[in-house]
Amino acid sequence: MKILYVRGNPRDNGGTEIVGNLFLRGLKKGGAEILDFRLSEKNIGDCRGCFACSAGFDRCGKCVIDDDMAEAIEFFDSADALVCLSPVYFYSMSAQMKRFFDRCFPFVRGYRFDSENGKMLNETGFEKKDKKFVSISVGSGRHDDVFEALSHTYKMIADAMGFEYVADITRGESAYFAMRELGSVRVRKVLSAFESAGECFAKTGRIPWERIDTMCMSLSRGRESFAKNAQVFWRLRRNGTPFESFSMVSDPRILLHEMCGMLNPKTAPEKADFKFVFPDKNWSMLLSVRGGECAFLDNARDNPADVTITVASGDWADVMSARRNVSALMRSGRMKVTGNMSLFASMKRIFSLGEDRRVGGV
């Protein structure tokens, strides 16, 4: 399969890039012939609306603008499929992606009426017609209606240009992918689905619905949990934490916020305080359980606690992702626990730390 892979993300270290690279890796595994067209690195001007490309050509017109778009036009003409990757900017595609579609006007040869569905469609001059189309949209918010406008736009483009719209992949909560190294099994499952979906599409021209559902499934445990984690993420950004650091190590503040959101009221004690001390960051934080609810305090240096856990932030990230065993850390002296050891041993049940993100050995 010959595939034009268009990247509309201007930043190469975010969530869009992560899932896009995985889908592309799958396409390559599937043996596709690919033009990886990164719009942010190309010199592509805006469409002038001059209609010069519509004159004197029976099939595909020629744009008067001499720039890098010519490479995409030539490849796209005979391609079997188009895959578009874009972040969601103000509920639509990125400016780079919009410019790409505007510059596809040389393929438009007028209009036709489709009596079968009663719609006006574009007459196109592609050498290879009946192209397959996959869109991958990535946003920082939860699904809800974040993708509604962009998905509708893509569907209208596919209908008008005669594309077979194989999949509309909408991936919210992109900040979670910046923490992929610590990732829960749930996060790893989503990322793995992107790669396998790309391979499947390259081989069969289809993506199974269960694969699409996995790529799009929610990662947070509800809107409230997501909102709390998002607040931490944006606070770190305002404090100058670079995007790159999120992809290298999980911030304990985000980890503990997530852990607090996973409190299981049925197994939680009526009252308990869990203090976490991260010497490498000089941070002390508290998870305070009261009456089936959990509160997070990010400056708890002087607060008493029922259990105090002292550990490096990187080691705790490994514990949360089940890559590091608590017992081994304690034996080596890299984790120290003081206070109520029975309460510490109950943390897995108290915070619903199951198979998808468990405290190993607790």
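Since the model is a prediction, treat every value here as computed from it, not as a measurement. (Residues numbered from 1 in each chain as written. Predicted model: local features only at pLDDT ≥ 70, side-chain atom pairs only at ≥ 80, totals over all residues. Heavy atoms only, no water.)

Draft legend 1. A look at the side chain of Ser-284. One can find Ser-284 in strand E9 (residues 283-290). Not counting chain neighbours up to four residues away, the residues in contact with Ser-284 comprise Phe-276, Val-277, Leu-297, Asp-298, Asn-299, Ala-300 and Arg-301. (Helix = DSSP H or I, 4+ residues; strand = E, 2+ residues; numbered from the N terminus. Contact = heavy atoms within 4.5 Å.)

Draft legend 2. A look at the pairing of strand E5 (residues 119-124). Where strand E4 (residues 108-114) lies against E5, five bridges are found, and the strand directions are antiparallel. Across the sheet, residue Asp-114 finds its bridge partner in E5, namely Lys-119. Once E4 ends, the chain turns through four residues before running back antiparallel as E5, passing Gly-118 with a positive phi of about 70°. (Pairing = 2+ DSSP bridges.)

Draft legend 3. Molecular detail of the pattern of salt bridges. Under the definition given, this model contains 18 salt bridges. Salt-bridge contacts for Lys-203 lead to Glu-199; the nearest nitrogen and oxygen are separated by 2.9 Å. Of this pair, Lys-203 and Glu-199 both sit in helix H5 (residues 185-204), four residues apart, roughly one helical turn. The exposure class of Lys-203 is exposed, given its relative accessible area of 55%. The closest approach of N and O atoms between Arg-290 and Asp-273, which form a salt bridge, is 3.1 Å. In this pair, Arg-290 sits in strand E9 while Asp-273 sits in strand E8 (residues 271-278), placing the two residues 17 residues apart along the sequence. Assessed through its relative accessible area of 36%, Arg-290 is described here as partly exposed. For Asp-273, a relative accessible area of 10% corresponds to the buried category. Taken together, the shared-partner salt bridges in this structure form one network comprising Arg-7, Glu-17, Asp-36, Arg-38 and Glu-41. (Salt bridge = Lys/Arg side-chain N within 4 Å of Asp/Glu carboxyl O. Buried < 20%, exposed > 50% of the residue type's maximum accessible area, 1.4 Å probe, protein only.)

Draft legend 4. Representation of the sheet that holds E8 within the structure. A sheet is described by the order of its strands in space; here five strands give the open sequence E10-E9-E8-E11-E12, paired in mixed fashion. The two strands at the open ends of the sheet, each matched to only one other strand, are strand E10 (293-297) and strand E12 (335-339). Strand-to-strand twist of the sheet, defined as the mean angle between neighbouring strand axes without regard to direction, takes the value 15°. Relative to E12, strand E11 (residues 307-311) is paired through five bridges, and the arrangement is antiparallel. When the bridges of E12 are listed, Thr-310 appears paired with Lys-336. (Axes fitted to C-alpha atoms, helices over the stretch in contact; angles between N-to-C directions.)

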